[in-house]
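As a plain string of letters, each chain reads:
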Amino acid sequence: MHDESNEVTAPPIVITDPDADRYHTFGYISWWQQEVVRRATILVVGAGALGNEVLKNLALMGIGNLLIADFDTIEDSNLSRSVLFREGDRGRRKVDVAAQRVKELNPDVNVKAWHGNINFEMGLGVFRHVDAIIGCLDNREARLSINRASWAVNRPWVDGAIQELMGIARVFWPGQGACYECTLTDLDYQIINLRYSCPLLARENILQGKVPTTPTSASIVAAFQTQEALKLIHDMEVQPGKAVMINGLTNDVYTTEYPVKVGCMSHATLEPIVALPEATTAKTTLADLLGIAQKALGDTAVLEFDGELVTTMTCTGCGQTFPIFRKMARLYEHDAVCPNCGSRREMNLTHRISGQEDFLNRTLADVDVPPLSIIRARNGNERIYYELTGDKETFLAFT
Ligand SMILES: [Zn+2]
Ligand SMILES: [Zn+2]
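Numbering of residues begins from 1 in every chain and follows the order in which that chain's sequence is written. Chain labels run from A onward and ligand labels from 1 onward, assigned in the order the entries are written. Per-residue local features of the predicted model are confined to residues with pLDDT of at least 70, and side-chain atom pairs are confined, for both listing and counting, to 80 or more; whole-chain, interface and lining totals are unaffected and use all residues. Only heavy atoms go into the side-chain values, all of them from the structure, while hydrogens and water stay out.

### Points about the packing of aromatic side chains
Inference 1: Think of it this way: a Phe, Tyr or Trp ring, Trp meaning its six-membered ring, pairs with another when their centres are within 6.5 Å, and the plane angle makes it stacked under 30 degrees, edge-to-face over 60, tilted otherwise. In this structure the tally under the stated criterion is seven aromatic pairs.
Inference 2: Centroid distance Tyr23 to Phe26: 6.3 Å. Interplanar angle 25 degrees. Geometry classified as stacked. Phe26 matches Tyr23 in its accessibility class, with the two residues each being buried.
Inference 3: Consider the rings of Trp157 and Tyr180, whose centres lie 6.1 Å apart with planes at 70 degrees: the pair is edge-to-face. Here the residue Trp157 occupies a position in strand β5 (residues 157-163), and Tyr180 occupies one in the loop between β6 (166-172) and α6 (186-193), the gap between them amounting to 23 residues. Here Trp157 matches Tyr180 in class, with each residue buried.
Inference 4: Grouped by ring-pair contacts, the aromatic residues Tyr23, Phe26, Trp31 and Trp32 constitute a single cluster.
Inference 5: Think of it as a cone above the ring: NZ of Lys or CZ of Arg counts as a charge over the ring if it is within 6 Å of the ring centre and within 35 degrees of the ring normal. A cation over an aromatic ring shows up here: Lys112 above the ring of Phe395, its NZ or CZ 4.6 Å from the ring centre. The buried label goes to any residue with under 20% of its type's maximum accessible area, the exposed label to any with over 50%, and the partly exposed label to all in between, with areas taken from a 1.4 Å probe on protein chains only. Segments assigned H or I by DSSP are reported as helices when at least four residues long, segments assigned E as strands when at least two residues long, and all are numbered from the N terminus.

### Focus: the packing of helix α2 (residues 49-61) against helix α3 (residues 94-105)
In helix packing, the relevant descriptors are the interaxial angle and the interaxial distance, both defined with respect to the helix axes.
Inference 1: Running from amino to carboxyl end, α2 crosses α3 at an angle of 30 degrees, the nearest separation of the two axes being 9 Å. One way to sum up the angle between α2 and α3 is to call them roughly parallel. In the packing of α2 onto α3, the handedness of the crossing is right-handed. Together, Leu55, Lys56, Ala59 and Leu60 of α2 and Ala98, Val102 and Leu105 of α3 make up the contact between the two elements. Every axis in this analysis is a line fitted to C-alpha atoms, fitted for helices over the stretch in contact. Angles between the N-to-C directions lie between 0 and 180 degrees. Oblique is the label for any angle not covered by the other classes, which are roughly parallel (under 35 degrees), roughly antiparallel (over 145) and roughly perpendicular (65 to 115). Crossing handedness: left-handed means the near helix sits turned counterclockwise from the far one by under a right angle, and right-handed means the same turn made clockwise. For this analysis, residues touch if any pair of their heavy atoms sits within 4.5 Å.

This is the structure in structure tokens:
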């Protein structure tokens, strides 16, 4: 990474007027480059206890663009650990309030709030267009989603975890040291698989463990996470695959290195990714994209989705067939109930588009593909990953 010929040309230290520049003191830090910080785009997943602290830190440092992702709303129990939330915010979306408070802290920072489920609802291309991802999560499933996305598009991410007075902060970088999935044990997989034991989600938030945390452990771990992200955007040395372990009871702080797991399922980078600047989920149809794929890979090329798409449901009682076109992972038990007769409806699924379908004129949005997705086209062993890059301008619009 480092060019030996440039080793003596450290960036000049810029000292500005303390009255006129809120970043004045950062100018005294030899390696700090406010322009690098201002140009950076960081995705923060989770706007809970850790997310609040991370966002506060990033805002104070003047990070240029913050994409804040969360699916939750504020309840009073969040107030004891969330510096950005106020009593009157009850019931509001965490992302909206967090974005508003970040703007209040530092109007220089551009923000975008995204309300949704990171596991199924965010296009993979979004990860490709950020400089780093910070995971501020309380469950393994979302961490695993970020980890696989990070590997797929080769972006670093910073994980944080807290419980009582204990904390962990760690950087994962595809191809450098262990990844998050390398650290998972059989028990971890069992906990993750709870969710998939039934085809449809039995109830929401099945995995939302209520982990006891404190504002102090949140701020300690979030501070480490933010510093690691700051180093990443400055191209400074980090220690991927190693964890900073913090025990607030004994005041032990140490690092530990995880072994790389042979055959780890996360170790897959999409190659090649082809950006389609004209393609958007709202306008591009399945027929359009399949046409592009077949032009490149031959007439027998197909499009493949990672998860199952429920195309229709057929009622076992009254026999009626209903168009659905939603990812199975986003459907709940109650979605299977027939609105006519109350019987259970059977799902008709697909994950492959070959050109024989009778719904090829549907747009990608109409078949539940999120903005800036990356879709696999395949013919035999040949693959191309197409990114719906036309969505970038609207989806990654920071204000
Ligand atoms: Zn791994
Ligand atoms: Zn029915």
